[in-house]
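# A look at the structure
One-letter residues, chain by chain:
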Amino acid sequence: MSDSQASRRPRRTPQGTAARRLPQPSDRPPYRLLADVLRQQILTGQLRPGDQVPPTRVLEEDYGIANMTARSAVRVLRDEGLVHTVHGLGTFVTNPLPDAARAATTSADRTHMPTEEYTGLLRRIDQLTEVQDALLRLFGQAARLADQPAA
């Protein structure tokens, strides 16, 4: 593969392992909530132009949603021009971002600097979410073991 071909290939991002939660309760359908989460990740630079969006099966596992919900969320972002899909490779953040998204990213960076207290609380929430998810996995394993016949 030539250098020019390699530079055109979209970058893949490492997949996160910590399960996440969608905002609850909400009047909005789950696919819209997930689209909001992914859009925010794009606008804040967590997912940069050229980065791969997590596959729908990963979103399904991470957020505890149906595959169709994940696919619908990605479709919303595709309709907005924030992502594009390359058959056989995955879905990637559009490079460059549409003008409206770039403007939102730039203004958000200048006006919404998180405080130290805020970032500390976010870290704590992430830690608590990881503990909660670990407990849920353990409960699921315990339920499966309880359902197995005694040897």
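What counts, and where the lines are drawn
Residues numbered from 1 in each chain as written. Predicted model: local features only at pLDDT ≥ 70, side-chain atom pairs only at ≥ 80, totals over all residues. Heavy atoms only, no water. Helix = DSSP H or I, 4+ residues; strand = E, 2+ residues; numbered from the N terminus. Contact = heavy atoms within 4.5 Å. Polar contact = N/O pair within 3.5 Å; in protein donor to acceptor, adjacent residues only side chain to side chain. Axes fitted to C-alpha atoms, helices over the stretch in contact; angles between N-to-C directions. Parallel < 35°, antiparallel > 145°, perpendicular 65-115°, else oblique. Left-handed = near helix turned anticlockwise from the far one by under 90°. Nonpolar A, V, L, I, M, F, W, Y, C, P; charged D, E, K, R; others polar. pLDDT = per-residue confidence, 0-100. Salt bridge = Lys/Arg side-chain N within 4 Å of Asp/Glu carboxyl O. Buried < 20%, exposed > 50% of the residue type's maximum accessible area, 1.4 Å probe, protein only.

### Describing the environment of Arg28
By the element assignment, Arg28 lies in the loop between helix 1 (3-8) and helix 2 (30-43). Residues in contact with Arg28, not counting those within four places in the same chain, are Leu33 and Asp36. Separated by 3.0 Å, the side chains of Arg28 and Asp36 make a polar contact.

### Regarding the packing of helix 2 against helix 4 (residues 67-79)
Look at helix 2 against helix 4: their axes get within 8 Å of each other, and the N-to-C directions meet at 50 degrees. Relative to helix 4, helix 2 is oriented oblique. As for how helix 2 packs across helix 4, the hand of that crossing is right-handed. Between helix 2 and helix 4, the contacting residues are Pro30, Tyr31, Arg32, Leu34, Ala35, Leu38, Arg39 and Ile42 on the first element and Thr69, Ala70, Ser72, Ala73, Val76 and Leu77 on the second. For the contact of helix 2 with helix 4, the class distribution of residues is 10 nonpolar, two polar and two charged.

### A closer look at the packing of helix 3 (residues 56-63) against helix 4
The N-to-C vectors of helix 3 and helix 4 enclose an angle of 115 degrees; their axes lie 8 Å apart at closest approach. Both helix 3 and helix 4 take part in a crossing whose hand is right-handed. Of the residues in helix 4, those in contact with Thr56, Arg57, Leu59 and Glu60 of helix 3 are Asn67, Ala70, Arg71 and Val74. Residues that form the contact of helix 3 with helix 4 fall into these classes: three nonpolar, two polar and three charged.

### A look at the confidence of the model for the protein
In this model, the protein carries an average pLDDT of 79, and 75% of its residues clear a pLDDT of 70 or more. Confidence scores differ between elements of the protein, with helix 1 showing the lowest mean pLDDT of 45 and strand 2 (residues 90-93) the highest of 94. Overall, residues 12-18 carries pLDDT values under 50, and its contacts beyond four positions in sequence, including any with other chains, amount to 12 contacts. Low confidence marks residues 105-112, where pLDDT is under 50. Its contacts with residues over four positions away, or in another chain, come to three contacts.

### Structural notes on the pattern of salt bridges
Tallied over the entire structure, the rule returns four salt bridges. The closest approach of N and O atoms between Arg39 and Glu80, which form a salt bridge, is 2.8 Å. Taken together, the positions of Arg39 in helix 2 and Glu80 in the loop between helix 4 and strand 1 (83-86) put the pair 41 residues apart, joining distant regions of the chain. We classify Glu80 as partly exposed; its relative accessible area is 36%. Overlapping salt bridges bring together Arg28, Asp36, Arg39 and Glu80 as one network.

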